[in-house]
Number of protein chains: 2
Amino acid sequence: MAPKAGRSRTREFSSLSASIVTTLKDQIVQWRYPPEYRMTEAELCKQFGVSRSPVREALRILATDGFVQRMPNRSYRVKQHNLQEIEELYDVRLALELFVVEQLANRSAPGHDDIAALKRTWTSVLNGLPRKDEELARLDTQFHETLALAAGNKTLLRQLRAINERLMLFRIIDFAKAHRATSTCRQHLAILTFILAKNSAGARKAMQKNIEEGRNNVQSAIKDALARAYSL
Amino acid sequence: MAPKAGRSRTREFSSLSASIVTTLKDQIVQWRYPPEYRMTEAELCKQFGVSRSPVREALRILATDGFVQRMPNRSYRVKQHNLQEIEELYDVRLALELFVVEQLANRSAPGHDDIAALKRTWTSVLNGLPRKDEELARLDTQFHETLALAAGNKTLLRQLRAINERLMLFRIIDFAKAHRATSTCRQHLAILTFILAKNSAGARKAMQKNIEEGRNNVQSAIKDALARAYSL
DNA sequence: GTACTCAGGATTGTATACAATAAGCCCGTA
DNA sequence: TACGGGCTTATTGTATACAATCCTGAGTAC
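Residues numbered from 1 in each chain as written. Chains lettered and ligands numbered in written order. Predicted model: local features only at pLDDT ≥ 70, side-chain atom pairs only at ≥ 80, totals over all residues. Heavy atoms only, no water.

A. Layout of the interface of chain A and chain B. Taken together, the 24 residues of chain A in the interface contact 24 residues of chain B. With both sides pooled, the region where chain A packs onto chain B buries about 2,000 Å², and carbon together with sulfur makes up 47% of that total. The interface formed by chain A and chain B includes 6 salt bridges. Ionic pairing is found between Arg60(A) and Glu57(B), a salt bridge with its closest N-O pair at 2.6 Å. For the pair chain A and chain B, the number of links is 14 residue pairs in polar contact (both at pLDDT 80 or more). The element best represented in the side of chain A that touches chain B is helix α4 (residues 83-106) of chain A, accounting for 11 residues. Taken together, the residues that form the side of chain A that touches chain B break down as 8 nonpolar, 7 polar and 9 charged. (Contact = heavy atoms within 4.5 Å. Buried area = accessible area lost by both parts, 1.4 Å probe. Salt bridge = Lys/Arg side-chain N within 4 Å of Asp/Glu carboxyl O. Polar contact = N/O pair within 3.5 Å; in protein donor to acceptor, adjacent residues only side chain to side chain. Helix = DSSP H or I, 4+ residues; strand = E, 2+ residues; numbered from the N terminus. Nonpolar A, V, L, I, M, F, W, Y, C, P; charged D, E, K, R; others polar.)

B. Geometry of the nonpolar core. If you look at the biggest cluster of nonpolar residues, it comprises 116 residues, and the most contacted ones within it are Met39(A), Leu96(A), Leu147(A), Met39(B), Leu96(B) and Leu147(B). Once residues within four sequence positions are removed from consideration, Leu96(B) is found in contact with Val92(A), Ala95(A), Leu96(A), Leu156(B), Gln159(B), Leu160(B) and Ile163(B). (Core = buried A, V, L, I, M, F, W, Y, C linked by side-chain atoms within 4.5 Å. Buried < 20%, exposed > 50% of the residue type's maximum accessible area, 1.4 Å probe, protein only.)

C. The arrangement of helix α1 (residues 16-29) of chain B in detail. All names here are of chain B. Over its 14 residues, α1 extends 20 Å from the first C-alpha to the last, a length consistent with the 20 Å expected when each residue adds 1.5 Å. Those residues of α1 that fall on the buried side of the exposure criterion are Ser17, Ile20, Val21, Leu24, Lys25, Gln27, Ile28 and Val29. Once α1 finishes, Trp31 follows within two positions and takes phi at roughly 55°, a positive value. (Expected span 1.5 Å × (residues − 1).)

D. Representation of the sheet that holds strand β2 (residues 68-70) of chain B in the model. Residue and element names in this part refer to chain B. One open sheet holds the 3 strands; their spatial order is β1-β3-β2, and the pairing between them is antiparallel. At either margin of the open sheet sits one strand with a lone partner, and together these are β1 (38-39) and β2. Pairing between β1 and strand β3 (residues 76-78): 2 bridges, direction antiparallel. Within β3, the residue paired with Met39 across the bridge is Tyr76. Its contacts with the sheet put helix α3 (residues 52-64) on β1, β2 and β3, and the angle it makes with β2 is roughly 105°. (Pairing = 2+ DSSP bridges. Axes fitted to C-alpha atoms, helices over the stretch in contact; angles between N-to-C directions.)

E. Examining the relation of the copies chain A and chain B more closely. When chain A is fitted to chain B, the residual RMSD is 0.1 Å, and the transformation amounts to a turn of 180° plus an axial shift of 0.1 Å. Such a combination of rotation and displacement between the chain copies is what one expects of a two-fold axis. Residues of chain A ranked by C-alpha distance from the rotation axis are headed by Ala95(A), positioned 2.9 Å from it. (Least-squares fit on C-alpha atoms with pLDDT ≥ 70 in both.)

F. Focus on the packing of helix α6 (residues 133-151) of chain B against helix α8 (residues 181-196) of chain B. Residue and element names in this part refer to chain B. Packing of α6 against α8 brings their axes to within 12 Å, and their N-to-C directions diverge by 15°. By the angle between their axes, α6 is roughly parallel relative to α8. Crossing angle aside, the handedness with which α6 passes α8 is left-handed. Contact residues: Leu136, Asp140, Phe143, His144 and Leu147 in α6; Ala181, Thr184, His188, Ile191, Leu192 and Ile195 in α8. Of the residues belonging to the contact of α6 with α8, the class tally is 7 nonpolar, 3 polar and 1 charged. (Parallel < 35°, antiparallel > 145°, perpendicular 65-115°, else oblique. Left-handed = near helix turned anticlockwise from the far one by under 90°.)

G. Spotlight on helix α2 (residues 41-48) of chain A. Residues and elements named next belong to chain A. Buried residues of α2: Glu41, Leu44 and Cys45, and no others. Buried residues of α2, viewed axially, fall in a sector of 105°; they line one side. Opposite the packed face of α2, turned more than 90 degrees from it, sit the exposed residues Ala42 and Lys46. Just past α2, the residue Gly49 takes up positive phi, approximately 65°. (Arc of directions from axis to C-beta.)

H. The arrangement of the protein's contact with DNA strand D in detail. Contacts to DNA strand D come from 20 residues, most closely from Arg52(A), Arg74(A), Leu16(B), Ser51(B) and Ser53(B). Among all atoms of DNA strand D positioned within 4 Å of the protein, those belonging to sugar or phosphate total 63%. Here Glu41(A) contributes a backbone N or O atom positioned 3.3 Å from a phosphate oxygen of DNA strand D. Take Leu16(B): an N or O atom from its main chain is 2.9 Å from a phosphate oxygen of DNA strand D. Every element with two or more residues in the surface near DNA strand D is listed here: α3 (52-64) of chain A together with α3 of chain B. When its residues are assigned to classes, the surface near DNA strand D shows 5 nonpolar, 7 polar and 8 charged. (Near = heavy atom within 4 Å.)

I. Layout of the protein's contact with DNA strand C. Neighbouring DNA strand C are 21 residues; Leu16(A), Ser51(A), Ser53(A), Arg74(A) and Arg74(B) lie closest to it. Considering the 4 Å shell around the protein, atoms of DNA strand C inside it are sugar or phosphate in 63% of instances. One nitrogen or oxygen atom from the side chain of Arg74(A) is found 2.9 Å from a phosphate oxygen belonging to DNA strand C. When residues of the surface near DNA strand C are traced back to their parent elements, those giving at least two are α3 of chain A together with α3 of chain B. By residue class, the composition of the surface near DNA strand C is 4 nonpolar, 7 polar and 10 charged.

J. Main features of the packing of aromatic side chains. All names here are of chain B. According to the stated counting rule, one finds 6 aromatic pairs over all chains in the structure shown. Between Trp31 and Phe170, the ring centres sit 5.9 Å apart and the planes meet at 70°, which makes this aromatic pair edge-to-face. Of this pair, Trp31 sits in the loop between α1 and β1 while Phe170 sits in helix α7 (residues 154-177), and the two are 139 residues apart along the sequence. Judged by its relative accessible area of 4%, Phe170 is buried. Taking 5.7 Å as the distance between ring centres and 80° as the angle between the ring planes, the aromatic pair formed by Trp122 and Phe143 counts as edge-to-face. One end of the pair, Trp122, is in helix α5 (residues 112-127); the other, Phe143, is in helix α6, with 21 residues separating them in the sequence. Considered together, Trp122 and Phe143 belong to a single accessibility category, that of buried residues. (Phe/Tyr/Trp six-rings, centres within 6.5 Å; stacked < 30°, edge-to-face > 60°.)

Keep in mind these values describe shape, not function.
Here it is as structure tokens:
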């Protein structure tokens, strides 16, 4: 114990593979790779200037997180999410988040301070519109994660994060398409109000509406993108 | 070292790491390792007669699946689940399964054949009691997975499986303790009846009761085990 | 006696070498 | 031309070698 003062635990990446994972996730989410793109270990070794060991580890992680597809004894592919899978991801998200708001509305004691603080934040967001799309996306993610955190379930929060990470692939398409900031704000405030009023049914309904709207926006954005792709 | 190329590899597992993962998961679930047990790569290499590469891969998988804990640059530990984490896992399971039965009750068309078949199965189970605990545990798992499958969400099913895999650590304690077969059967039949009657609220309530009972049984089993451990 | 320093050993992180597997191509045959 | 066998090559799976990191404990200064 009593580690030296100079032992600064830099919060950088402890390992090469972690760094590769975040970089690749970022690139994939930004559609820098075409879907079904074939990724070989050697290629990534050259790109990152490291050996196969960390690259392999990174690819395994990406595979379990659903960003690439692994076939035994063959290469990896950047995963092509189909509409079915997006539906499923949104449904899981719905299941988890409905549960969260219900729990929050039913029990009052812990977490309601965070909810009240969140409400103040979003009230000011509503008044201070507009902002950059990017900033709003960040706030939106933070909103949903704060709720899960207030519910006190770290496991659930982790799962939610993993889902949202993958959905980011498509939310990015949507964000670039239109800003619906006002609507989002109102929905978020409604959810928070219901929770504070301990109206769990209302909170569930409001959350459902919020998520379904996101789902629909993403779905139509994808269909648009596909239609455009085929018409050209 | 120099594992003479006696390639009597069973073709069951495509890779060594997969085989190691299933073996270790099994051993951990059966409490063959004390919690917090320190697992080193070298030790597993000797145990399985392979090199570090597949062992490392297996440990990564076990870590992401929540069976061992990894610390950077240090060894791995067999994970010690605390009561808090078990609560969280049960809550996530609750969230997912409540969503599943609600969906199933709300929409009639697909899946209801499976539900009806499941109901027949469990009716016969109720009549044909008793069976071996082991068999009942298998049927119980199958019950919940069939529901998720009937809902048509493979992503959700995968997550549920992962959760139940971890909870198996504690359900094994409980299974050995008592058989509550009749109660389980009745609860399952109630859930299925509500679904077929398209009563989503009833189905949710019944499912909640079923899961909460499992949770309570596990909790008290753990407390008993801890109390016994400390009293000796 | 306490706290600090600094070797030494143990263990993981990374790089590379070798083996096994799967895909592609050439070529021969009907 | 169509088809199939076997070689070649690209790529992953596995083993091992080397580097970096962390824990331990003896030794020393105060």
